[in-house]
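Residues per chain are reported as follows:
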Amino acid sequence: MSQPSLSAFLARSRSVLVDVTEAKGSTPREAGTYMLVGDKAIWGTIGGGQFEYMAIDNARAVLKGGGEAAMNIPLGPEIGQCCGGRTSLRFTLVTPQIAEALEHRLERERDERPAVFLFGAGHVGLALAKALLPLPYAVTVVETRREALEDLPVGVTPRLTAMPEASVDDIPPGGAAVILTHDHALDFLIAERALARDDLGYVGMIGSATKRATFSHWLDRQNGENTAQRESAAIMMSRLILPIGGSTVRDKRPEVIAALVAAELLHHLPFPAPKAVLERQIAAD
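What counts, and where the lines are drawn
Residues numbered from 1 in each chain as written. Predicted model: local features only at pLDDT ≥ 70, side-chain atom pairs only at ≥ 80, totals over all residues. Heavy atoms only, no water. Core = buried A, V, L, I, M, F, W, Y, C linked by side-chain atoms within 4.5 Å. Buried < 20%, exposed > 50% of the residue type's maximum accessible area, 1.4 Å probe, protein only. Helix = DSSP H or I, 4+ residues; strand = E, 2+ residues; numbered from the N terminus. Contact = heavy atoms within 4.5 Å. 1 Å grid on protein atoms, 1.4 Å probe; cavity = no way out; pocket = protein on both sides within 12 Å on 5 of 7 lines; lining within 4 Å. Points joined across faces, edges and corners; volume = space filled by probe spheres on them. Nonpolar A, V, L, I, M, F, W, Y, C, P; charged D, E, K, R; others polar. Expected span 1.5 Å × (residues − 1). Polar contact = N/O pair within 3.5 Å; in protein donor to acceptor, adjacent residues only side chain to side chain. Pairing = 2+ DSSP bridges. Axes fitted to C-alpha atoms, helices over the stretch in contact; angles between N-to-C directions.

A word on the nonpolar core
Right, on to step 1. Core analysis: the largest hydrophobic core is formed by 28 residues, its most contacted members being Val116, Leu118, Leu132, Val178, Tyr202 and Leu265.
Right, on to step 2. The element that contributes the greatest number of residues to this core is helix H4 (residues 123-132), accounting for 6 residues.
Right, on to step 3. Setting aside anything within four residues of it in sequence, one finds Leu265 in contact with Val116, Leu132, Tyr137, Ala176, Val178 and Tyr202.
Right, on to step 4. Grouped together as the second largest cluster of nonpolar side chains are 25 residues, Val142, Val168, Ala191 and Met236 included.

This is the structure in structure tokens:
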């Protein structure tokens, strides 16, 4: 069962905001992480385990007029965990002001998501779009074939165009271009345009070592005999990830490749760390 939207959860019943105000040492989640606790349901997670059960119990006590406003929990054997760190929690009844702040935070986080442009919606492209969906990325799939975009999951932005390489210019700085089309010549055009930018966090192309060598020779021909242009091509090749997903796991099923590339993107495209939920003016109130 999927988690309801924040608005839907807040509309169901009264709830308590549980946010991590400090995390020392090894902890399940970092400061800024939060969850909501209602009388019968929760939204989000602060890390699970006995630590989270304790937080839920206290939050429900707060809902009933008791409980603690703050907890400082050592994550050791005394609570059946062995993280070794310590986490401080704050418990706040959700008011209309806090609900609005939470909605604004989610909106801000959506706006700050790194952009991932997938060029091609074939077997691997579709599998990767699905794998990236729960991750904090803004995913766009670029295709020349209308029918290839029909099975994209909700939440992924489709883009139908006759010139996919032109869409490279629309990737925000720090974003990613993952090239997975059905046409090697088109792959090369897209890759050349992406590698010409020095502000992308990731440029990857599906293929083999042979395809990498072929593209390198193609790029050299595109740049001619000029020494400076050849050096520029070498720098561009150094930024290209091909094959994508690494070489440790040799399984070529689309879903496996998608999982490996998703992990690769998490390494190359970090997203902003959680920030405090309660603004100073709300906390002061």
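Some thoughts on the layout of surface pockets
Right, on to step 1. As a volume, the second largest pocket reaches approximately 380 Å³.
Right, on to step 2. Taken together, 15 residues make up the lining of the second largest pocket; nearest its centre are Gly207, Pro243, Ile244, Gly246 and Lys252.
Right, on to step 3. For the lining of the second largest pocket, a count of residues per class yields 7 nonpolar, 5 polar and 3 charged.

A look at helix H5 (residues 184-195)
Right, on to step 1. For H5, which comprises 12 residues, the first-to-last C-alpha distance of 16 Å matches the rise-based estimate of 16 Å (1.5 Å per residue) to within 8%.
Right, on to step 2. Within H5 the residues assigned to the buried category are Leu186, Asp187, Phe188, Ile190, Ala191, Ala194 and Leu195.
Right, on to step 3. By the N-cap criterion, in which a side-chain oxygen at the helix start approaches the backbone nitrogen of a residue two or three places on, H5 is capped by Asp183, the distance to Ala185 being 2.9 Å.

A closer look at the sheet that holds strand S11 (residues 240-241)
Right, on to step 1. Read across the open sheet, the 6 strands follow the order S8-S7-S6-S9-S10-S11; overall the sheet is parallel. Sheet topology places strand S8 (157-160) and S11 at the edges, where each strand pairs with a single neighbour.
Right, on to step 2. With 4 bridges joining them, strand S9 (residues 176-179) and strand S10 (residues 202-205) adopt parallel strand pairing. Bridging across to S10, Ala176 finds its partner in Tyr202.
Right, on to step 3. Across the sheet, H4 touches strand S6 (115-119), strand S7 (138-143) and S9, and the angle it forms with S6 is around 160°.
Right, on to step 4. The sheet strands contacting helix H8 (residues 254-268) are S6, S9, S10 and S11, and the helix crosses S10 at an angle near 160°.

What about the sheet that holds strand S2 (residues 34-38)?
Strand pairs in the sheet, formed through backbone hydrogen bonds, run parallel or antiparallel to each other.
Right, on to step 1. Taken together, 5 strands build an open sheet; the order of strands is S3-S2-S1-S5-S4 and the sheet is antiparallel. Each of the sheet's edge strands pairs with one partner strand only, and the pair in question is strand S3 (42-44) and strand S4 (70-74). Ignoring strand direction, the axes of neighbouring strands in this sheet form an average angle of 20°.
Right, on to step 2. Pairing analysis gives 5 bridges linking S4 to strand S5 (residues 86-93), with the strands arranged antiparallel. When the sheet's bridge partners are listed, Met71 is paired in S5 with Leu89.

Here's the deal with the environment of Pro254
Right, on to step 1. Mapped onto the secondary structure, Pro254 falls in helix H8.
Right, on to step 2. Its relative accessible area of 22% is what places Pro254 among the partly exposed residues.
Right, on to step 3. Setting aside anything within four residues of it in sequence, one finds Pro254 in contact with His123, Val124 and Ala127.

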